[in-house]
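Each chain is listed here by its residues.
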Amino acid sequence: MQKALRIPYALGILRGMKFGSILALWPTLVAFATDVGIPYQTAAGWKRRNSIPADRWDEVLAAARKAGVVLTVEHLYEAVRNSKATAFTDEAA
């Protein structure tokens, strides 16, 4: 009997990934801010804007690796796609 191929968890969540989902990979926003090395207010602003600046992605990915959080650049790109799709939908409504 062949085993079914399973999509790894990290890849399985790509479809609905948003920046809020990325921040939620950490237990708290304080933990995220601490791991990335940014002030809490900065992290709160990213959460409020549903955005992580692209020039900070390397820092976020490095913090995720160090913290054992499953996060890839593909997750970040998917969050960009989803945030743009949401913005377009909101404008059309």
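You'll find the structure just up there.
Residues numbered from 1 in each chain as written. Predicted model: local features only at pLDDT ≥ 70, side-chain atom pairs only at ≥ 80, totals over all residues. Heavy atoms only, no water.

Remarks on helix α4 (residues 40–49)
Of the positions making up α4, those classed as buried are A43, G45 and W46. The buried residues of α4 occupy an angular sector of 155 degrees when the element is viewed end-on, so they sit on one face. Exposed side of α4, more than 90 degrees from the buried face: Q41, K47 and R48 are the residues found there. Structurally, α4 contributes buried residues whose contacts are with α2 (19–23), α3 (29–36) and α5 (57–67). A positive phi of about 55 degrees marks N50, the residue just after α4. (Buried < 20%, exposed > 50% of the residue type's maximum accessible area, 1.4 Å probe, protein only. Helix = DSSP H or I, 4+ residues; strand = E, 2+ residues; numbered from the N terminus. Arc of directions from axis to C-beta. Contact = heavy atoms within 4.5 Å.)

A closer look at the pattern of salt bridges
This model, assessed by the stated rule, comprises two salt bridges. A salt bridge links E59 to R56; the shortest N-O distance between them is 2.8 Å. Residue classification places R56 among the partly exposed positions, given a relative accessible area of 24%. With a shortest N-O distance of 2.9 Å, E78 and R81 are connected by a salt bridge. In this pair, E78 and R81 both sit in helix α6 (residues 73–92), three residues apart, roughly one turn of the helix. A relative accessible area of 13% means that E78 is categorised as buried. (Salt bridge = Lys/Arg side-chain N within 4 Å of Asp/Glu carboxyl O.)

Comments concerning the packing of α3 against α4
Where α3 meets α4, the axes come as close as 9 Å, and the angle between the chain directions of the two elements is 115 degrees. Every pair of crossing elements has a handedness; the one defined by α3 and α4 is right-handed. Two secondary-structure elements touch here, α3 through L29, V30, F32 and A33 and α4 through Y40, A43, A44, W46 and K47. When grouped by side-chain class, the residues that make up the contact of α3 with α4 number eight nonpolar, no polar and one charged. (Axes fitted to C-alpha atoms, helices over the stretch in contact; angles between N-to-C directions. Left-handed = near helix turned anticlockwise from the far one by under 90°. Nonpolar A, V, L, I, M, F, W, Y, C, P; charged D, E, K, R; others polar.)

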